[in-house]
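Spelled out from the first residue to the last, the chains are:
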Amino acid sequence: MKTCTKIGIGALTIAGAYATINCSEKILGKFEREVTRYKTKKVVKDKFNGNEKLLDIVDDLSDSELDSLNQIIKNVKTSREKVKEMGKKIKDTAGIVL
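Residues numbered from 1 in each chain as written. Predicted model: local features only at pLDDT ≥ 70, side-chain atom pairs only at ≥ 80, totals over all residues. Heavy atoms only, no water.

Draft legend 1. Quick look at the overall build of the protein. Summing up its helical and strand segments, the protein has 3 helices and 0 strands in all. Along its sequence from the N terminus, the protein presents helices and strands in the succession α-α-α. Against the globule reference of 13 Å for 98 residues, the protein gives a C-alpha radius of gyration of 25 Å, more extended than a compact globule. Across its three principal axes, the protein shows a C-alpha extent of roughly 90 × 40 × 15 Å. (Helix = DSSP H or I, 4+ residues; strand = E, 2+ residues; numbered from the N terminus. Rg over C-alpha atoms; globule rule 2.2 N^0.38 Å.)

Draft legend 2. Fine view of the environment of Ile27. Looking at the element boundaries, Ile27 is found in helix α1 (residues 3-47). Residue class for Ile27 comes out exposed when judged on its relative accessible area of 58%. Once the C-alpha coordinates of Ile27 and Asp63 are considered, the two residues, 36 residues apart in sequence, prove to be 15 Å apart. (Buried < 20%, exposed > 50% of the residue type's maximum accessible area, 1.4 Å probe, protein only.)

Draft legend 3. Local environment of the side chain of Asn70. As for its position among the elements, Asn70 is in helix α3 (residues 63-97). Apart from residues no more than four positions distant in its own chain, Asn70 is found in contact with Thr36 and Thr40. (Contact = heavy atoms within 4.5 Å.)

Worth remembering: the numbers are spatial, not functional.
Written out as structure tokens, the structure is:
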């Protein structure tokens, strides 16, 4: 095979790999956004009994707004767990004193 042909095949291979990786990242990003939207809708359905107005609001939120909302939800869950742990510690301490 000629050197020119080898270089051409190599360049095409690199270009194809780059295009595949670039498209894969875009597809994964879109999939991740859809999963985030689905999780948010699930929270609305579970906590707010599937309120249609809230579900419509979730549909209209941008990706960054959804990320912010999910971060707030995570922080609330973390805070609840911390409060439960503190309550257990207080209960245990009070049990020892009594």
